[in-house]
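# Coordinates in review
Chain by chain, the residues run as shown.
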Amino acid sequence: MGSYIRVNTLPCYEALKGDLDREYLERPFRCFNPILDAFPTSYKGVPVKTDFRVGIELFRLFNNSKLSELEKKERALILFYKDNIPEDVEFAWSGIDWFMHLGYNKSRNEVSPLQEEKPDGDVTKQGIEENPCTSDTCLDFDFDASRIYTAFLVTYDIDLQTVKYMHFFQFMFMLSDVSNECQYSKVLEIRKTSLVGKKGRERAVYMQMKRMFAIPIEVSEEDKKALEAMGISSDDLDQFMQM
């Protein structure tokens, strides 16, 4: 028989043994793994709301240009923690940030599986049309609601109307892998496509499709005042967005 190394003699054994007894959030060597870890229902011991509807509501809340940043944070804390809001606001907010990034810790430079590297593109008058959108701007849970709903029906035979509970992490993982035949996938592909290098009819077709499926952009009153201070009126902005 061959010789074996006793595990408890390895230099890293004590550190690993301690890590195995702790929640995955405390492990410095990896982030949330849906294969190995149970979907979390708490953040560092604090119970939180994890249904996919909560995650969607948080996205909608952060994209609401009619609310101040303070109002967004206050409502987000209530939505996520309900009656268990930690007194340490910085800690509480880090929990929401962790949740929205699907268990990935930005402070450790971990990259979410839904976060995509943005290819280089020319910065031109077309702006978002000329450059592929980032994962944050390619999706809108209001504007794309019907497409997301049917994508789950077509791909997984799941009716989101009748689902009592689905963890937000699970929902987002599944959303990122729906069938390419779904309208949702096709629309996202159009939004992500760069116009750099495209010419003639091909460019014209993609520009038209990008305009057709562009996510409406709400401009807050604060931003409008800033634009007006630069001599840009709301009408000028509307015309620019239609280009």
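Whatever comes next refers back to the structure up there.
Residues numbered from 1 in each chain as written. Predicted model: local features only at pLDDT ≥ 70, side-chain atom pairs only at ≥ 80, totals over all residues. Heavy atoms only, no water.

### Concerning the overall build of the protein chain
Where we set the bar: The helix count covers DSSP runs of H or I at least four residues long, the strand count covers runs of E at least two residues long, and both are numbered beginning at the N terminus. Each residue is assigned to one of three classes by its accessible area relative to the maximum for its type, calculated with a 1.4 Å probe on protein chains only: buried under 20%, partly exposed between the two thresholds, exposed over 50%. Note on contacts: a residue pair is in contact if any heavy atoms of the two residues lie within 4.5 Å. Residue-level accessible areas treat just the shown protein chains as cover; the underlying method is Shrake-Rupley with a 1.4 Å probe.
Along the protein chain, the regular secondary structure elements total ten helices and two strands. Ordered by position from N to C terminus, the α and β elements of the protein chain give α-β-β-α-α-α-α-α-α-α-α-α. Here the protein chain, with 243 residues, has 35% of them falling under the buried criterion. Considering only contacts in the protein chain between residues 6 or more positions apart, those separated by 24 or more positions represent 55%. On the protein chain, roughly 16,000 Å² of surface is accessible, and the fraction owed to carbon and sulfur atoms is 52%.

### A few points about the packing of aromatic side chains
Applicable threshold: The pairing test for Phe, Tyr and Trp rings, Trp by its six-membered ring, is centres within 6.5 Å, and the orientation test on the planes gives stacked under 30 degrees, edge-to-face over 60, and tilted for anything in between.
One pass over the structure, following the stated rule, counts 18 aromatic pairs. When the ring of F80 is compared with that of Y81, the centres are 4.8 Å apart and the planes differ by 75°; the resulting orientation is edge-to-face. Since its relative accessible area comes to 0%, F80 is described here as buried. In this structure Y81 comes out as buried when scored by relative accessible area, which is 0%.

### Structural notes on helix 2 (residues 52–62)
Taken together, the buried positions of helix 2 are F52, V54, G55, I56, L58 and L61. Where helix 2 is buried, its residues meet helix 3 (69–81), helix 4 (89–100) and helix 6 (168–175).

### Observations concerning the environment of I215
The residue I215 is located in the loop between helix 8 (200–212) and helix 9 (221–229) in this model. For I215, a relative accessible area of 17% translates into the label buried. Placed 76 residues apart in sequence, I215 and L139 show a C-alpha to C-alpha distance of 7.8 Å.

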